[in-house]
Amino acid sequence: MKIIRDDFPILSVLENGKPLIYLDNAATTSKPLAVLNAVETYYRMDNANPHRGVYELGARATKAHEDSRKIVGDFLNASSDEIVFTQNATESLNLIAYSYGIEFLKKGDEIVLSVAEHHSNLVPWQRVSKITGAKLVYLYPDNMGHLTEEELDKKITSKTRLIAVAQVSNILGIEIPIDSIVRRARNAGAVVVLDCAQSIPHMIVDVKALDVDFAVFSGHKLYAPMGIGVLYGKKDLLDKMPPFLTGGDMIGSVHEQSSTYAEVPRRFEAGTRNVGGEVGLAAAINYLNSLGWENIKNHEKELMTQALKGLTDIPHITIYGDPSPDKRHGVISFNVEEVHPHDTASLLDSDGITVRAGHHCAQPLMEYLKINSCVRVSFGIYNTKEDVDIFINSLKNVRGLMGYGS
Amino acid sequence: MDLKALYNQIIVENSRAVHNRHKVEHATAVLEGVNPSCGDDITLELKVSDGIIKDAGFTGTGCAISQASTSMMIDLITGKTVEEAKNFLNLFYGMIKGDITDDDQLEVLDDIVSLKGISHMPGRVKCAVLAWHTLEEALDGKTESKGCSDGEL
């Protein structure tokens, strides 16, 4: 996979005079030329406002918009009319919270989340809870970061009406037992919202096979531009949901005192859309498909195995969650004993290595782990064994540089 | 800027910080300052009488830069007048923003000039500024800090 580094122009930029070792892929990924060129070509050749102009150029813009939707639908094994374009996973989750949660949940109902949720899959549900009176119930992982069957049995009950969970946590990197969760949801009569922001860069997400009701992700974590996101919803659910944002292009007809709304997915796409972003997302999906998902999985597993081995061999490092490479996708979070994560990250940065430090928009998980913050290293398709070696070697020096003996 | 040299200085400062880590008896101002983006959290305690900062101390947790900056600030302001402290505040902000680079002008900040290099590390400015921001609010008589977010001095 080494050759594909050349597909990503930003990876050849020097940082602090050193080659960039980009290990913050869970925050956002770099964009390949295939994506950059597709976006540029759209704006150079096909730019018009879709669904509006009767002229040929307008038809091309509409085609770019709808072709992108078809590519995303195929990617998720969904039909095109189940795909809504948003600006990111956060907007997708807010759309579900407002147009499904507030509309269909009521006092006495329970919303089940994991304590490991990103704030984007947590704060919207707090709003729903406040407005509807539905109660928030949290799943807690065991000390290895796994959600156990006992925990699912205890929390998913006949009162559960909605379960919103990340397929892979942005801190623990561990995949949740989604099959078990969906099975229990069906028995309880609850809908399942799957946040795939951290999983979809690393695995095929087949929404039909998983049988989830909603799934969301952000394009920018999948090598596509920022500002484009996706909401998948089962057609029968989307059909009965009211609009989220209202305005142009989402209407049937508008009169002074009332309006009718367009069919889904257009009902949820008010205003002029980010067609350049959609085209970029479609190009990213085509690019990843051409690399082959088995190749991507194998490559990332090699990196994960090497990094976990390197990290466990360094003294005074605490890794959060199961340190087995089979259980992890994309991210490892850790701390260096007695060194604040921001200091670790700054010292790595001086060697050209970018990692994230902080609470990673998951403060409830930080509280649960009894830490203020942590360092997170995360991998993408273009990272190499050399990147991991440089990262591990730099990390070995951190305690020494901070004045500790070892 | 050589980040590792900067850290050397900061480590020395932190080993000296112990004497400033304490509560202040009969404090006239106690204010908690928090960086919401990273969880750094310090509580600054001041005893001001007759316009003079008679005693100052801090408790809390944070990165090496925030802790060193807090401790050096306390060394500098203890025994000084409120007006002098406010002057230091302006000089410090000017240095961290990169607006004041003249060493002669910064000389009164003493050891704190070692943090000058932070002005080239936008991601860490808020770490260095937290204590100063909290001091400013405490001297203005605020009883609750609005915290210190990215890009704000």
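Small disclaimer: the values here were computed from a predicted structure and weren't measured.

Trainee: Which residues make up the sheet that holds strand 2 (residues 41–49) of chain B, and what are the values?
Mentor: Pairing between the strands of a sheet comes from backbone hydrogen bonds, and it takes one of two forms, parallel or antiparallel. All names here are of chain B. Read from one edge to the other, the open sheet built from three strands follows the order 1-2-3, with strand pairing classed as antiparallel. Strands with a single pairing partner mark the edges of an open sheet, and in this sheet they are strand 1 (29–34) and strand 3 (52–61). This sheet shows a mean twist of 20 degrees between the axes of neighbouring strands, independent of strand direction. With six bridges joining them, strand 1 and strand 2 adopt antiparallel strand pairing. The residue bridging alanine 29 from the neighbouring strand is leucine 46, located in strand 2.

Trainee: Residue-level account of helix 5 (residues 125–139) of chain B, with values.
Mentor: Residue and element names in this part refer to chain B. With 15 residues, helix 5 should cover 21 Å at 1.5 Å per step; its first-to-last C-alpha distance of 21 Å lies within 8% of that length. Maximal helix bending in helix 5 amounts to about 35 degrees, located at alanine 131. Taken across its 15 residues, helix 5 has 14 buried, putting it largely inside the fold. Positioned one or two residues after helix 5, glycine 141 has a phi angle of 85 degrees, which is positive.

Trainee: Quick one: what's the story with the confidence of the model for chain B, residue by residue and with numbers?
Mentor: On average, residues of chain B score 88 in pLDDT, and 94% of them reach the 70 mark or higher. Scored as a complex, the prediction yields pTM 0.91 and ipTM 0.84.

Trainee: Can you explain the pattern of salt bridges? Please cite residues and give values.
Mentor: The final tally for this structure, using the stated rule, is 32 salt bridges over all chains. A salt bridge links arginine 69 of chain A to glutamate 269 of chain A, with the shortest nitrogen-to-oxygen separation between them at 2.9 Å. Linking arginine 69 of chain A in helix 2 (residues 56–76) with glutamate 269 of chain A in the loop between strand 12 (259–261) and helix 9 (275–291), this pair joins segments that are 200 residues apart in sequence. The exposure class of arginine 69 of chain A is buried, given its relative accessible area of 1%. When the shortest N-O distance is used, the salt bridge between glutamate 45 of chain B and lysine 23 of chain B registers 3.8 Å. One end of the pair, glutamate 45 of chain B, is in strand 2; the other, lysine 23 of chain B, is in the loop between helix 1 (3–16) and strand 1, and 22 residues separate them in sequence. Residue glutamate 45 of chain B is classed as buried on the basis of its relative accessible area, which comes to 6%. You can call lysine 23 of chain B exposed: its relative accessible area is 61%. Connected through salt bridges with shared partners, the residues Arg186, Asp211, Asp213 and Lys234 of chain A form a single ionic network.

Trainee: Please give an account of the interface of chain A and chain B that cites residues and values.
Mentor: Across the contact, 15 residues belong to chain A and 18 residues belong to chain B. Across the contact surface, chain A and chain B share one salt bridge. The partner of aspartate 343 of chain A in a salt bridge is arginine 124 of chain B, and the shortest N-O contact between them spans 2.9 Å. Inspection of the region where chain A meets chain B yields six residue pairs in polar contact (both at pLDDT 80 or more). The element best represented in the side of chain A that touches chain B is helix 11 (residues 341–349) of chain A, accounting for four residues. Across the side of chain A that touches chain B, the residue classes break down as three nonpolar, ten polar and two charged.

Trainee: Describe the UniProt feature "domain: NIF system FeS cluster assembly NifU N-terminal" (unreviewed entry) in chain B, and please don't skip the residues or the numbers.
Mentor: Summarizing the sequence annotation, UniProt attributes the feature "domain: NIF system FeS cluster assembly NifU N-terminal" (unreviewed entry) to residues 7–88 of chain B in the numbering used throughout. Across residues 7–88 of chain B, helical content stands at 38% and strand content at 30%; the span's end C-alpha atoms are separated by 23 Å.

Trainee: Provide a residue-level description of a negative patch on the surface, including the pertinent values.
Mentor: Judged by side-chain charge, Asp75, Asp102, Asp104, Glu107 and Asp110 of chain B come together as a negatively charged surface patch. By the element assignment, aspartate 75 of chain B lies in helix 2 (residues 64–77).

Trainee: Which residues make up the UniProt feature "domain: Aminotransferase class V" (unreviewed entry) in chain A, and what values do they have?
Mentor: Under the local residue numbering, the UniProt record ascribes the feature "domain: Aminotransferase class V" (unreviewed entry) to residues 21–391 of chain A. Between the first and last C-alpha atoms of residues 21–391 of chain A the distance is 8 Å; the span itself is 40% helix and 17% strand.

Trainee: Any chance you could break down the packing of aromatic side chains for me, citing the residues and the numbers?
Mentor: Residues and elements named next belong to chain A. This model, assessed by the stated rule, comprises twelve aromatic pairs over all chains. With 5.9 Å between their ring centres and 75 degrees between their planes, phenylalanine 8 and tyrosine 287 make a pair best called edge-to-face. One end of the pair, phenylalanine 8, is in the segment before strand 1 (14–15); the other, tyrosine 287, is in helix 9, and 279 residues separate them in sequence. Judged by relative accessible area, phenylalanine 8 falls into the buried class, the value being 2%. Ring-pair connections join several aromatic residues into one group, and the members of that group are Phe8, Tyr223, Tyr287 and Tyr382. Note that lysine 240 overlies the ring of phenylalanine 104, its terminal NZ or CZ placed 4.8 Å from the centroid. Between the NZ or CZ atom of arginine 399 and the centre of the ring of tyrosine 404, over which it lies, the distance is 4.7 Å.

Trainee: Outline the sheet that holds strand 9 (residues 214–218) of chain A, listing residues and values.
Mentor: Residues and elements named next belong to chain A. In space, the seven strands of this open sheet follow the order 4-10-9-8-7-5-6, with mixed pairing throughout. Either end of the sheet is taken by a strand with one partner, and the two such strands are strand 4 (83–86) and strand 6 (135–139). Strand-to-strand twist in this sheet, taken as the mean axis angle between neighbours without regard to direction, amounts to 20 degrees. Bridge count for strand 4 against strand 10 (residues 229–233) is four bridges, and the pairing is antiparallel. Counted as the bridge partner of valine 84 is leucine 231 from strand 10. In the packing of helix 4 (residues 123–132) onto the sheet, contacts are made with strand 5 (110–114), strand 6, strand 7 (160–166) and strand 8 (191–195), and the angle to strand 6 comes to roughly 145 degrees.

Cut-off values and rules
- Residues numbered from 1 in each chain as written.
- Chains lettered and ligands numbered in written order.
- Predicted model: local features only at pLDDT ≥ 70, side-chain atom pairs only at ≥ 80, totals over all residues.
- Heavy atoms only, no water.
- Pairing = 2+ DSSP bridges.
- Helix = DSSP H or I, 4+ residues; strand = E, 2+ residues; numbered from the N terminus.
- Axes fitted to C-alpha atoms, helices over the stretch in contact; angles between N-to-C directions.
- Expected span 1.5 Å × (residues − 1).
- Bend = angle between axes of the 7 residues up to and from the residue.
- Buried < 20%, exposed > 50% of the residue type's maximum accessible area, 1.4 Å probe, protein only.
- pLDDT = per-residue confidence, 0-100.
- Salt bridge = Lys/Arg side-chain N within 4 Å of Asp/Glu carboxyl O.
- Contact = heavy atoms within 4.5 Å.
- Polar contact = N/O pair within 3.5 Å; in protein donor to acceptor, adjacent residues only side chain to side chain.
- Nonpolar A, V, L, I, M, F, W, Y, C, P; charged D, E, K, R; others polar.
- UniProt positions renumbered as here; feature names shortened; annotations may be inferred.
- Patch = residues over 30% accessible without salt bridge, like charges linked within 9 Å, V, L, I, M, F, W, Y side chains within 5 Å.
- Areas by Shrake-Rupley, 256 points an atom, 1.4 Å probe, with all protein chains shown as cover.
- Lys, Arg positive; Asp, Glu negative; His and termini not counted.
- Charge placed at Lys NZ, Arg CZ, Asp CG, Glu CD.
- Phe/Tyr/Trp six-rings, centres within 6.5 Å; stacked < 30°, edge-to-face > 60°.
- Lys NZ or Arg CZ within 6 Å of the ring centre and 35° of its normal.

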